[in-house]
Each structure stands twice: as C-alpha cells, then as structure tokens.
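This is what each chain is made of:
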Amino acid sequence: MLKRSGIRGERLREKIVKANAVRAKVLDEMKFIRSWAQNPLRTGAVTPSGPDLAAKMASFLTPRPHCRVVELGPGTGAVTKALIDRGFANHHLNLVEYSPEFCEILSLRYPGLTVLQGDAYALRESLESEGGFFADRSNRSGKLDGIVSSLPLLTKPESVRKALLAEALEMLKPGAPFIQFSYGLVAPVKPNSHAVSVFSSDWVWKNLPPARVWVYRKGH
C-alpha cells in the first residue's frame, strides 16, 4: 500500500511539474505577443525561441573559467536557460535587453545574473553601464568570448545591421563567435570584409517557425 501511494505521489508531482512548465510557456508566449503587438519592429518574433533553437545557439559557445559572453535581446530567457544548461555561470554572462518588462522577468527568473536595460545597437555604451563587463574603465580594452543574439535584425535597415556586426566583432576576441538566428533564407548580415567568415547551421525544424543559426567570426 505504501509503495502504491509513493508511486501515485511521484506521478502527481510529475504532472504538477509538467503543468507548471506548460503554464510558464503559455505566459511567456502571451508576454511576447503583447510586446510584439505594442512594437512589432522591435520585438520581431511573436513567440520566444524554442528549446531546440536555443540549444543550437548555445552549442557554439564553450564555458571557461574567466569567459565573458553577452546575450542580446534575451526576451523572457529561452536562450539564457540554454546557456546556463550548457554550464555558463552568472559571472560569465551579461544580458542586454531593451524592454523594462522583460528585464524584470529575467531578473526574477535568474537571480544574480547581470541584466542591463540598454540598446543592443549601442552595444559598447550598454556594456559600460553599471554592472556591465566594460563598466570598469580599466577593463574597457578587454575582449569578449562570444555574443549571442536574438535581435530581429531583418526589421532593421542593412546599414544598421552592418554597424551592429562591426561593433560586435570589434569587441570579440579573434575567432570568437557572433551568433544570430534568422528565419530568412540568406545571412541576416552581409559582412563588409572577407576577413569575416559566416557559417550557417542546418534548419531547426522543431522551432516555430523553422530557423537557422548564423555564426560570424573575425580572424586575427
């Protein structure tokens, strides 16, 4: 009898965990839809990145003791979770998010993680704000180990996209990746220089809509 009761209790706990996960997913999607309705060009996606796409983006980064990785446009934290699951600690990450509502959600969901309310298209300025990797003037010449972006780049003019990529690559160590997902058929940014390599992943069909991950790297 006790064994059956224990099994039933375990099953009930599993159902509760699953129900809470579904509820959290629905709430995140509702927040994205509301944000998109208020400003579709800034939010871009109607729903957060799926776990398969988030994991694919995180897979191009490797946690190391003193690494520094910046996430752009984290939204409600789908890619953030994938980075943490991959082994990145709070001190490895800076999140740059424009929306105050999403900043609040991220701070509650990931206590101790540095969430900077700022503009990814003025990236260095955002990272120089309080708590950012470049807030310390003596450390502003340092380089980053990776940048992962969920920004809706295709809603921006090509000149703005190229300026963002150029600024990002300038802050990255040689060979460190700038990672961006896109629903488009071609690269979301065409590099100005042959010194910048571009890699495209396979389509992540389980994402809605399907997407690919684009990885930009600048050599020495």
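Residues numbered from 1 in each chain as written. Predicted model: local features only at pLDDT ≥ 70, side-chain atom pairs only at ≥ 80, totals over all residues. Heavy atoms only, no water.

**Focus: the overall build of the protein**
Here is step 1 of the chain: Each helix and strand in the protein was counted, giving seven helices and seven strands.
Here is step 2 of the chain: Listed N to C, the secondary structure of the protein is α-α-α-β-α-β-α-β-α-β-α-β-β-β in terms of helices and strands.
Here is step 3 of the chain: Here the protein holds 220 residues, and the buried ones make up 40% of them.
Here is step 4 of the chain: For the protein, the proportion of contacts with a sequence separation of at least 24, taken over those separated by at least 6, is 65%.
Here is step 5 of the chain: A total of about 12,300 Å² of accessible surface is found on the protein, and carbon and sulfur atoms cover 57% of it. (Helix = DSSP H or I, 4+ residues; strand = E, 2+ residues; numbered from the N terminus. Buried < 20%, exposed > 50% of the residue type's maximum accessible area, 1.4 Å probe, protein only. Contact = heavy atoms within 4.5 Å. Areas by Shrake-Rupley, 256 points an atom, 1.4 Å probe, with all protein chains shown as cover.)

**So, the side chain of Ser-149**
Here is step 1 of the chain: With respect to the helices and strands, Ser-149 occurs in strand E4 (residues 146–149).
Here is step 2 of the chain: Other than its neighbours up to four places away in sequence, Ser-149 contacts Met-57, Leu-72, Phe-178, Ile-179, Gln-180 and Phe-181.

**Remarks on helix H7 (residues 158–171)**
Here is step 1 of the chain: For H7, spanning 14 residues, the distance from its first C-alpha to its last is 20 Å, which sits close to the expected 20 Å at 1.5 Å a residue.
Here is step 2 of the chain: Where H7 is concerned, the buried positions are Arg-161, Leu-164, Leu-165, Ala-168, Leu-169 and Met-171. All buried residues of H7 fall inside an arc of 160° around its axis, so they share one side.
Here is step 3 of the chain: Lining the buried residues of H7 we find strand E1 (69–72), helix H6 (123–127), E4, strand E5 (177–182), strand E6 (196–200) and strand E7 (212–218). (Expected span 1.5 Å × (residues − 1). Arc of directions from axis to C-beta.)

**Some details on the environment of Ser-182**
Here is step 1 of the chain: Position of Ser-182 among the secondary structure elements: in strand E5.
Here is step 2 of the chain: Classification of Ser-182 as buried rests on a relative accessible area of 3%.
Here is step 3 of the chain: Measuring from C-alpha to C-alpha, the distance between Ser-182 and Leu-151 comes to 9.1 Å, with 31 residues separating the pair along the chain.
Here is step 4 of the chain: Contacts of Ser-182, omitting those with residues within four sequence positions, involve Leu-154, Pro-188, Ala-211, Arg-212 and Trp-214.

**What about the pattern of salt bridges?**
Here is step 1 of the chain: One pass over the structure, following the stated rule, counts four salt bridges.
Here is step 2 of the chain: In this structure, Lys-81 and Asp-85 form a salt bridge, with 2.7 Å as the shortest nitrogen-oxygen distance. Here Lys-81 and its partner Asp-85 are both found in helix H4 (residues 78–86), four residues apart, which amounts to about one turn of the helix.
Here is step 3 of the chain: Residue class for Asp-85 comes out exposed when judged on its relative accessible area of 55%. (Salt bridge = Lys/Arg side-chain N within 4 Å of Asp/Glu carboxyl O.)

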